[in-house]
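Topology and contacts: notes
Chain by chain, the residues:
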Amino acid sequence: MKKQMDKKLKGMFMNLTSKVLNNKSEKNIDYFLKTADGLTKNYALNVQIKAIHEMYKEKPELRKFIAETLQTTDKKSLEKFLTNFVGNHNWSGQVERVAINDKHDTHLPYVALISPTMRCNLRCEGCYAADYKKSDDISIEKVDSLFEEMKSLGIYWVIILGGEPFFKDEMMKLYEKHHDMYFTPFTNGSLFDENLADELKRLGNIMPMSSLEGYEAETDGRRGKGVYDKVKQGMSLLKERGLLFGVSSAVTNKNIETVTSEEFIDMLIESGSKMSWYFSFMPVGENPMADTDLMLSPDERIMLGERVTKIRSTKPYFAIDFFNDAPYVDGCIAGREYLHINSKLDVEPCIFSHFAVDNLKDKTLFEAINSGFFKELRSRQPHNDNLLMPCMMIDNTNVIREVVKKHDAYPTHESARKMVEDVQFMRKLDEISKDFKPVADNAYTNFKMKHQKVSEKIN
Ligand code: SF4
């Protein structure tokens, strides 16, 4: 009975969606948000839609962003975003995930990340992708069966990492086969040509994110000469076809000013990008001790959050700050709202946390989600009352050490071991956490005051 009701409500939602696609006026969008809110009986979804509706009414830049996106985006791209990402993943998928959670007393992730290949066409500084061969890839049959399992768990949105996702061209067949899912490949952005852009337009269920570390000097400095121009050309091919796409930037103390500058965001908007993901640089590469030199200082880390908030409220553009947005998702989401399947099929709780207890050669994804390792991580979250200090590796350094030891988790590559065994590196991480605390405490007090006012307004 409940299932039938959910199906009926989803049908009504789909009708509403096609109305908006046929009439993209501001009045119709407002009606869409008001009615969608009334259609769902799912509390979490209800809160999300209500919050978006409030912001839509109050923020002219958001109205401009939505209006422009609806006007300039290819119809199939929009349809797939609304039916697959919003409808299948966030609507009915959410209902399915909650039902499975209740039945099995578990917590399924909101999104799954997978690296089908570690191979890449580029040879970026410090990256070890060149060491991988085709035989190290996950077989296409296995990726296919994992997508099936994800759907059986109500997960219809998958982020594709690597290596270079578009280097494994068989993936396009899977994107076509799983036409009810939504895929977000994080790409170096250098492989887009007319053919690939046409394919993306034909399929519609793929929203790529191209890496940019800044302008030509910063991007080519890290990725090789000519890469920045290729990424820009790729963006223009996607823009010409009206496809949805975005940008991801690893933020270091060298490029923070550039990638958060008004000029850079305006360039991205002009290039057709709809959103940016900002990831504070993490010391998880081949030489993690040396990596700490590139990390953001305490003040820079908070400044990144302030700049991203400003971009969201002053530009017709969407931006996510992976760390400073943690208060919106109750802190660390490792093993709770997401996980990463690496190209060896190890199941890691987070893209930066390279430890595992399960491998999908002999386990199902559902079993891995319910391992003692994942359960303990979830039960300990949030790791700190200050949600601007969410991380179990750089803010709450005892957590990764204790949980890895207790569950005998193995490092999924050799240098990851240093995070729990190299005394000098561990001491450095403790210092980083200690230095950040007073700055983060002050920032979190301000955050809570500001958000209390906003939630009083919504309620
Ligand atoms: S472990 Fe750190 S990087 Fe990973 S999800 Fe948690 S806060 Fe983010």
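This text goes with the structure placed above it.
Please read all numbers here as calculations on a predicted model, not as lab measurements.

Criteria and cut-off values
- Residues numbered from 1 in each chain as written.
- Predicted model: local features only at pLDDT ≥ 70, side-chain atom pairs only at ≥ 80, totals over all residues.
- Helix = DSSP H or I, 4+ residues; strand = E, 2+ residues; numbered from the N terminus.
- Buried ≥ 20, exposed ≤ 12 C-beta atoms within 10 Å, placed from the backbone.
- Contact = placed C-beta atoms within 7 Å.
- Pairing = 2+ DSSP bridges.
- Axes fitted to C-alpha atoms, helices over the stretch in contact; angles between N-to-C directions.
- Parallel < 35°, antiparallel > 145°, perpendicular 65-115°, else oblique.
- Left-handed = near helix turned anticlockwise from the far one by under 90°.
- Core = buried A, V, L, I, M, F, W, Y, C linked by C-beta atoms within 7 Å.
- Expected span 1.5 Å × (residues − 1).
- Arc of directions from axis to C-beta.
- Nonpolar A, V, L, I, M, F, W, Y, C, P; charged D, E, K, R; others polar.

We now examine the overall build of the protein chain. Counting its regular elements, the protein chain contains 19 helices and eleven strands. Overall size of the protein chain, expressed as C-alpha extent along the three principal axes, is 60 × 50 × 50 Å. Scored against the burial criterion, the 459 residues of the protein chain give a buried share of 42%. Once local pairs closer than 6 in sequence are excluded, the contacts in the protein chain between residues at least 24 apart make up 72%.

Sheet architecture is open: nine strands sit in the order S7-S6-S5-S4-S3-S2-S1-S8-S9, paired in mixed fashion. Edge positions in the sheet fall to strand S7 (318-321) and strand S9 (347-348), since each of these pairs with one other strand and no more. Summarising the sheet, strand S1 (residues 111-114) and strand S2 (residues 157-160) pair through three bridges and their orientation is parallel. Counterpart to Ala112 in the pairing with S2 is Val158.

This part covers the packing of helix H16 (residues 372-380) against helix H17 (residues 397-406). H17 packs onto H16 with a crossing angle of 150° between their chain directions and a minimal axis gap of 10 Å. Classified by the angle their axes make, H16 and H17 are roughly antiparallel. For the crossing formed where H16 meets H17, the hand is right-handed. Of the residues in H17, those in contact with Phe373, Glu376, Leu377 and Arg380 of H16 are Val399, Val403 and Lys406.

On to the nonpolar core. Ranked by internal contacts, the top residues of the largest apolar core, which has 107 residues, are Met150 and Val158. The biggest single contributor to this core is helix H10 (residues 227-240), with six residues.

What follows concerns the pairing of strand S6 (residues 275-280). Of the pairings in the sheet, the one linking strand S5 (residues 246-251) to S6 comprises six bridges and is parallel in character. Counted as the bridge partner of Ser249 is Tyr278 from S6.

A word on unusual backbone geometry. The omega torsion across Gly162 and Gly163 is 15°, close enough to zero to call that bond cis. The omega torsion of the bond from Gln381 to Pro382 falls at -5°, within 30 degrees of zero and hence cis. Along the chain, the position of Pro382 falls in the loop between H16 and H17. Its identity is not glycine, yet Asp105 carries a phi of approximately 50°, on the positive side. Within the fold, Asp105 resides in the loop between helix H5 (75-104) and S1.

All right, on to helix H2 (residues 26-39) then. The terminal C-alpha atoms of H2, which comprises 14 residues, lie 20 Å apart, in line with the 20 Å expected from a rise of 1.5 Å per residue. For H2, the full list of buried residues reads Phe32, Leu33 and Ala36. Down the axis of H2, the smallest arc covering the buried residues is 90°, so these residues share one side. When the buried face of H2 is taken as reference, the exposed residues oriented beyond 90 degrees from it are Lys27 and Gly38.

Now for the packing of helix H9 (residues 216-223) against H10. As a packed pair, H9 and H10 sit with axes 7 Å apart at the nearest point and diverge in direction by 115°. Our classification of the angle between H9 and H10 gives roughly perpendicular. On H10, the residues that touch Glu216, Thr219, Asp220 and Arg223 of H9 are Val227, Tyr228 and Val231. Considered class by class, the residues forming the contact of H9 with H10 number three nonpolar, one polar and three charged.

What follows deals with helix H12 (residues 262-270). Three or more residues of H12 are buried, namely Phe264, Ile265 and Leu268. The buried residues of H12 occupy one face: seen down the axis, they fall within an arc of 95°. With respect to the buried face of H12, the exposed residues turned more than 90 degrees away are Glu262, Glu263, Asp266 and Glu270. Gly272 occupies a position one or two residues after H12 and carries a positive phi of about 100°.

Moving on, we get to the pairing of strand S8 (residues 338-341). Alignment of S1 against S8, held across four bridges, turns out to be parallel. Bridge pairing in S8 places Ala112 opposite Leu339. In terms of strand pairing, S8 meets S9 through two bridges, oriented antiparallel. Looking across to S9, one finds that His340 is bridged to Glu348. Two successive antiparallel strands, S8 and S9, enclose a turn made up of five residues, where Leu345 displays a positive phi of approximately 75°.

A few words now on the environment of Leu70. Within the element layout of this structure, Leu70 appears in helix H4 (residues 60-72). In this structure, the C-alpha to C-alpha distance between Leu70 and Leu45, residues 25 residues apart in sequence, is 22 Å. Excluding anything up to four places from it in sequence, Leu70 contacts Lys24 and Leu78.

For Phe322, the position within the fold is in the loop between S7 and S8. Residue classification places Phe322 among the buried positions, given that 20 C-beta atoms sit within 10 Å. Once residues lying within four places of it in the same chain are set aside, the contact partners of Phe322 are Trp277, Tyr278, Phe279 and Ser280.

Considering the arrangement of structural elements, one finds Met275 in strand S6. Given 19 C-beta atoms within 10 Å, Met275 falls into the partly exposed group. Spatially, the C-alpha atom of Met275 lies 24 Å from that of Gly224, the residues being 51 residues apart in sequence. When near neighbours in sequence (up to four residues on either side) are disregarded, Met275 contacts Gly246, Tyr317, Phe318 and Ala319.

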